[in-house]
Structures are given as C-alpha cells and as structure tokens.
Amino acid sequence: MPHARPVSTEPASTPHTRTPPARTSAEGRAPAGARAARPADGANEGKGPLAGAVALALAETDGFIRARLGAAVFLVLVTAVLAGLAPVALKYAVDGLGTGQARTVALTGGQAVALGPGLLIALYLGGLWASRTFGEMRWYLYGTADRRLHRNLSRRLLDHVIKLPMSFHLDRKTGALNQTLVQGLAGYSILLNHAIFTLLPVLVELAIIGAVIAAFLDSGFVLILIGSIAAYGAAFTLGVRQIIRPSRAVSTAQVDAFANMTDSILNTETVKYFTAEREVKARYDTALKKSEAEWRRFYLRKSLNGVLVACVFALSLGAAIFLGVSQVTAGVMTVGDFVLVNAYMLQIVKPMETLGAAFRDIAYGAAFIEKMADLMAREREPGSLPEADTHRPPTRNISAAAQAAQESQATQTLRGDMGAAAGAGELVFDTVRFSYLPGKPVLKGISFTVGRGKTVAIVGGSGAGKSSIIRLLMRLYDPDGPSGADGGSGEKGGDIRLNGVSTRALPLDALRQAIAIVPQDTVLFNDSIAYNIAFGRPGCARGEIERAAKLAHIHDRVMAMPDGYDTIVGERGLKLSGGEKQRVSIARAALKNPQIFVFDEATSSLDSRTERDILDNLIAVSRGMTTLVIAHRLSTVVHADTIIVLDQGRIVERGSHSALLQQGGLYAAMWHTQHQGNTNSLSEKEIA
Ligand SMILES: Nc1ncnc2c1ncn2[C@@H]1O[C@H](COP(=O)(O)OP(=O)(O)OP(=O)(O)O)[C@@H](O)[C@H]1O
Ligand SMILES: [Mg+2]
C-alpha cells in the first residue's frame, strides 16, 4: 500500500520526517482512505498560506454574511460620495456669502435651480450628518457579518484540528494551539474590518476628491495631491515592510508565552506537590519578557513610521496652503476655492493616515493569520470526511456513515455485510508491523483473528505494544508502509480487516463507530456525568444512561453525589477518582452498543471486588460480541477464548488459559508470579 503512513504526514520541519502519503494505490486507483488524505481545503493547494487563509474565509462566507457585507459596502460607497462632495457645497456657500449671489445649478432638460448659501450650508451639514449616520449603520452590518464569519471559521478550525492525526496532537502544546487559533481569528477580523472601513472608502473618497480638484482647481493642486499620495504610499510601504517581521516575532512570542502558562496551569497539582511555584513563575516570566521585548520592537517601528507619515502630512498641507494663498492673492482663486482646498487637504489626510495605519495593521493581522494558515494546510487523518459529511448516527448504524463516503466497492461490502450481521464483527490482524519512530519497531508482524462473538485477550509486559495494537485498530496510526517511493523496497506493514474489509478502505467515522473502547487512561469532558456517559450516543434517554451506569457499577455512587447525574466532573474529570472515571468510561462504551468491544486495562484502577463485579458485567455486556481485552492482571482474562502473549512486539504464545498454563511458558510464569500467595484472585481450579 503506497499510502502507507498518511496518518503521520507532517511538514518537513518536524524532527522526525516520515514517508509522505502517496495518493494512489498499487492499482493506480485512489483508495477511499487516500482520497480523503488531502489538505484541509482543496482551496489551499498550491497557494501561499495567506492566499489559502483568504480562500478559507471565502469558503466560509454564507448568504447571511454576503448580504450584510454587500449592504455595508453600499453604505460605504454612499458615505464616501457624501463625504467627498460635502465640501463642494461649502465652497459654493462661502463663495455665495462673499458675492451675495445664489449658485445656479443646471439640471437636465435645460432647467436650472438656484441654491442660496443657506441651502448650500444645509446640504453641507446634511451630507456630513448622513455620512456619519451611515457610518454607524455600517458598524452594525459589519459587526454581525464579522461575528458570523468568526463563528463559521471557528467551527471549521475546531473540526480541522480534531481531525488532524494523533502524531500532530502528541506534539502540540495546547496553549500554543489555542493562541494560534485565537490570533488567527483576530487576524481575520482585522483584515475584514480594514477592507470594509478603510481600504474601500478611502479609495472611493480619494477618487472623488481627485476628480473635484481636477474639475475646479489649478493643476498645481492636482500635482500636490498626486505627490502627497505617492509620498504617503511610499511611507506606508516602508511601514509594512518594517512591521511584518516584528509582527511575526510578536505572534510567536505570544504563542510561546501562552503555551507556557497553559502548561503550568494544567500541571497545578504537580506544582503544588513539588512546591515549584517559583520555578513555574520564573519560566513564565522568561517567556513574557521575550514577548514584551518583541512588542517593544513592534511599537517602536510603528511609531517611527507614524512620524514619517506626519512629515508627509505637514509637507503636503503646507504645499497646498502655500499655493492656495498665492493664488488667492493673485486673484486667480476665490476664497471659496481656498476653503475647498483646505477642507480637502484635511479630509484627505485622515483617510490617508487611516490607510497607513490599516496597512500596518493588515501586515500585523496577516502575520497572525500565517500560523493558523499553516495549521489549516496540514493534512487531516486519511479517511476522515469533510465537515459537512461528518455526523454520528445515534445507534449502531454504520451504513449511514459509510453512505456519506463516496461509494466504493469496499464500503458496499461493509454495508451489506454489517447490515446483515450487526453486532458481530470479525477482526483480523494480518502480519501487522508498526513503528512510531523510523527504525524502532513496536509491533513486528502481529497476526491474530477475533472471530465473530469471540473474546481475545492480549497480555504482556509494559511497553510490549498492547495499546499500540488498539491505536492501529482505531486508525490513530497506520501500519508501516514500504519505505521506498517505488512502492516495494521496504517491508509491508500488513493489514487490519474488519469483516473482511481493510480498515484503510473504510471511512474513519464508520470504523470508529463500529468499535467501543474503554481506554487505558480515561479523560473526561468538563461537563456532567450524564453528558460524559452519553457521549458515545448523543441524545439517548436518561434511562439508558442509568442502565449503562448500573452495568458499570457507578449508578449508586452517582446518586450519592449532590447533583447526581448532573454533577460536573471537573477538567479532564479531575473531580472523580481514578476508578470512578474508569467506570464512567465503561458505561460510555456499553452505551455505544458497538460491533466490537475493546477494553484496554479497563479495570486496572479498581479494587479486586469491584473489578470482579464489573468484570462479570463486562462479560455479560460483551457476551456474543466480538471483544478484545488487554490486561495486566491475568485473572481478568481467563475467560477469553484465546489469550495472546505479546513480548517486545511479537506474539510469543497463544491459546486458552488452561492450554497456556500447561504449556509452561511465559504466560504460566506470569500467572504464577501474579498468584504467589495471592488468595484474593481466582484460583486455577475456580477457572477450570
Ligand atoms: N507516540 C509515541 N511515540 C513514540 N513511541 C511511543 C509512542 N507511544 C508509545 N510509544 C512506545 O511504544 C512502545 C509500546 O507502547 P504501548 O503503549 O503499546 O505499550 P503497552 O503494551 O500498552 O504498555 P502498558 O502495559 O504499559 O500500557 C513503548 O515502548 C512506548 O514507549
Ligand atoms: Mg498500554
């Protein structure tokens, strides 16, 4: 399989580089898994990160946003025209006051109207008032559109991040990731804000002002106008160039500081145990100091550029006034013209300066978006469906998810097969090889079959590779692939099949919905116990949740809590004991009603009696179900149809409990070690 390890594809900058995913199978046809192994958004492909980010924003722009932004743009144009023309009315008013004459305006059809100074002043004020009022309305339109875009993008980002491969999540720093997303979203707001409120109106206003000056005034003023626009432009370009690097540094430093803080907060308990408050504070302050220094550099560059812009402003205004005064003195220009020039020069300065600030902000917003764009350009897990297609059927309905994926031979087989024999999955590991790091194999050719309705147990020492088997089954990772691009020089990674279908040919959702897992380390959501139990089957009735809780022997415990099933479990479930968390996890898996159960040390945190009780229930729940059990305590797996003994990534023994004991190998030795003088556990006799 050429798309051997798409799960772990990362940019080349990461320390452990791996085989990139190929997009076609040996037959030259893209398999289902590889088809989905594409960048987050096709739009991103072949573009810089920023272009990708803009494409992403466009993709998330819905009708609501378009309507509001369209209306905002319209108001922007009206406002700009009003603001651009109001000074003309003022000029005529001033001229009219000087001469006592009304201004005659020719209309189409040969008619003419006379506008007195009072009316002109009213027009001037009305224009200014309307432009301000429309400006306020723009804020409403823009604000609502911006928040909707924020919502759409945030949803998309979370969806994307969650679908990134495990290898990404093991390397990530939660705080840094969080900050990257927050900054990126803020960056989008900055860009949108300036696009609507600065770039567009300023450009329109400049065009109008230019046209009016050209129509009414001496070409000297047009030259001054063009000259000052050019000077402003040069100052802004310089500003952007100087600001982009410190902006990136600020962004990086801020992300680091945030990662540092989050890490400390997550480890509060450990910090207290080791009285390490001072170290933690110092570590954080080092990060903050760096961030502060970068901000200082940023503000310095920004201010220096502001000073340059102020010089351009003074020179342009000075030149215009000088020319105006000389023209009025020479009698070439009226006082009204002079007022007009002055009004325009002042009016032009504000938008020009806003434009400059906008360019600097845009540079800074863009630097902030870059990191997020990088994140969005990372490849998702292969086989994961795009956001729109992702849904979780409430029950054991694997065919719906399979349908969502494009119809392939494999998914059809799956649906037909599973629909007919729901609740009885057959699982095959076929010479599976796997390594997290190149050259360090963790699984070295594992083969076993869990027949329909059978229970297989995997036992073995710590680090033998037991949990890795489950990660492969759930496709958090994929088996090794051929190392060469030629598709055949390395060792094959083997195959994992569910009901005869390679798991790589199944949509991820369908695969994961078919399996309920009680993981080795249970982490809960900071929500109610009911929410955490119902997580595998959203929308199920309270009665079902309670039934599952009873099965997991946690119902009475929950009822004794002040808020019962509404008790909030704390971050990562910290307010529950290890055993309670594990039981919530068992209830959650039981409720999922899967085709295959997987228990990874599911009862390791429980005392022997509770373990015994739960085990009885687990056996009852999974009776007739295909089950894979991992355990250290061998007494918990004696009922298994087959026990597999794993040692350093190889299966060294397999058979029933009694057969393995008779064999007198590693299993028998482990059994005897665990049961020396141990009267609590089951005796061999009891099992026989
Ligand atoms: N993400 C990872 N990157 C690199 N090595 C890893 C990673 N996860 C696990 N390993 C290594 O792979 C080996 C097998 O780990 P695994 O979790 O499968 O062991 P296990 O049999 O479940 O052990 P235990 O009984 O302690 O849970 C270990 O040596 C472990 O250090
Ligand atoms: Mg493990």
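From a predicted model like this one, the values you see are computed outputs, not experimental measurements. (Residues numbered from 1 in each chain as written. Chains lettered and ligands numbered in written order. Predicted model: local features only at pLDDT ≥ 70, side-chain atom pairs only at ≥ 80, totals over all residues. Heavy atoms only, no water.)

(A) Here's a closer look at the overall build of the protein chain. When you go through the protein chain residue by residue, the secondary structure sums to 22 helices and twelve strands. The buried share among the 688 residues of the protein chain stands at 49%. Of the contacts formed within the protein chain by residues at least 6 apart in sequence, a portion of 75% connects residues at least 24 apart. Here the protein chain has roughly 32000 Å² of accessible surface; of this, 59% comes from carbon and sulfur atoms. (Helix = DSSP H or I, 4+ residues; strand = E, 2+ residues; numbered from the N terminus. Buried < 20%, exposed > 50% of the residue type's maximum accessible area, 1.4 Å probe, protein only. Contact = heavy atoms within 4.5 Å. Areas by Shrake-Rupley, 256 points an atom, 1.4 Å probe, with all protein chains shown as cover.)

(B) Inspection of helix α16 (residues 542-551) at higher detail. For α16, every residue scored as buried is listed here: Ile545, Ala548 and Ala549. Viewed end-on, α16 has its buried residues packed into an arc of 100 degrees, placing them on one side of the element. Tucked into the core, α16 has its buried residues touching α15 (529-533), α17 (555-560) and α18 (578-592). Downstream of α16 by one or two residues, His553 has phi in the positive range, about 60 degrees. (Arc of directions from axis to C-beta.)

(C) Summary view of the coordination of the magnesium ion (ligand 2). The magnesium ion (ligand 2) binds to the protein through Ser467 (OG) and Gln520 (OE1); the donor distances cover 1.9 to 2.2 Å. Taken as a pair, Ser467 in helix α13 (residues 466-473) and Gln520 in the loop between β8 (515-518) and α15 lie far apart in primary sequence, 53 residues in all. Under the relative-accessibility criterion, Ser467 is labelled buried at 14%. (Donors = N, O, S within 2.8 Å, 3.2 Å for Na, K, Ca; no water.)

(D) Inspection of the sheet that holds β8 at higher detail. Here we have six strands laid out as an open sheet, ordered β8-β9-β10-β5-β11-β12, and mixed in their pairing. Each edge of the sheet is formed by a strand with only one pairing partner; in this case those strands are β8 and β12 (650-655). The mean angle between the axes of side-by-side strands here comes to 15 degrees, regardless of whether they run parallel or antiparallel. Of the pairings in the sheet, the one linking strand β5 (residues 455-460) to strand β11 (residues 642-647) comprises five bridges and is parallel in character. Paired with Val456 across the two strands is Thr642, which belongs to β11. Lying on the sheet, helix α21 (residues 666-675) is in contact with β5, β11 and β12; it crosses β11 at an angle near 90 degrees. (Pairing = 2+ DSSP bridges. Axes fitted to C-alpha atoms, helices over the stretch in contact; angles between N-to-C directions.)

(E) Quick look at the pattern of salt bridges. Applying the stated criterion to the full structure yields 18 salt bridges. A salt bridge links Arg283 to Asp263; the nearest nitrogen and oxygen atoms lie 3.2 Å apart. Residue Arg283 is located in helix α9 (residues 277-329), and its partner Asp263 is located in helix α7 (residues 219-266); the two are separated by 20 residues in the primary sequence. Note on Arg283: relative accessible area 40%, which makes it partly exposed. Judged by relative accessible area, Asp263 falls into the partly exposed class, the value being 35%. For Asp361, the salt bridge identified is with Lys302, shortest N-O distance 3.8 Å. Separated by 59 residues along the polypeptide, Asp361 in helix α10 (residues 335-377) and Lys302 in helix α9 bring together distant segments of the chain. (Salt bridge = Lys/Arg side-chain N within 4 Å of Asp/Glu carboxyl O.)

(F) Examining the packing of aromatic side chains more closely. What the rule picks out here adds up to 13 aromatic pairs. Residues Tyr436 and Tyr477 carry aromatic rings whose centres are separated by 5.1 Å and whose planes lie at 85 degrees to one another, so their mutual orientation is edge-to-face. Taken together, the residues span a long stretch of sequence, with Tyr436 in strand β3 (residues 427-437) and Tyr477 in the loop between α13 and β6 (495-498) at a distance of 41 residues. Residue classification places Tyr477 among the buried positions, given a relative accessible area of 4%. Relative to Phe599, the ring of Phe597 has its centre 5.4 Å away and its plane inclined at 20 degrees; by these criteria the two rings are stacked. As far as the burial class goes, Phe597 and Phe599 line up, both buried. (Phe/Tyr/Trp six-rings, centres within 6.5 Å; stacked < 30°, edge-to-face > 60°.)

(G) Focus on the site of ligand 1. By nearness alone, 15 residues border ligand 1, and Ser462, Lys466, Ser467, Ser468 and Gln520 come closest of all. The side chain of Lys466 places a nitrogen or oxygen atom 2.7 Å from an oxygen atom of ligand 1. Burial of ligand 1 by the protein amounts to 66% of the accessible area it has alone, namely 640 Å². For the shell around ligand 1, the class distribution of residues is five nonpolar, eight polar and two charged. (Near = heavy atom within 4 Å. Polar contact = N/O pair within 3.5 Å; in protein donor to acceptor, adjacent residues only side chain to side chain. Nonpolar A, V, L, I, M, F, W, Y, C, P; charged D, E, K, R; others polar.)

(H) Geometry of unusual backbone geometry. The phi torsion at Asn499 lies on the positive side, around 50 degrees, for a residue other than glycine. By the secondary structure assignment, Asn499 is in the loop between β6 and β7 (501-502). The buried category is assigned to Asn499, whose relative accessible area is 6%. Backbone geometry places His553, a non-glycine residue, at a positive phi of 60 degrees. Tracing the backbone shows His553 in the loop between α16 and α17.

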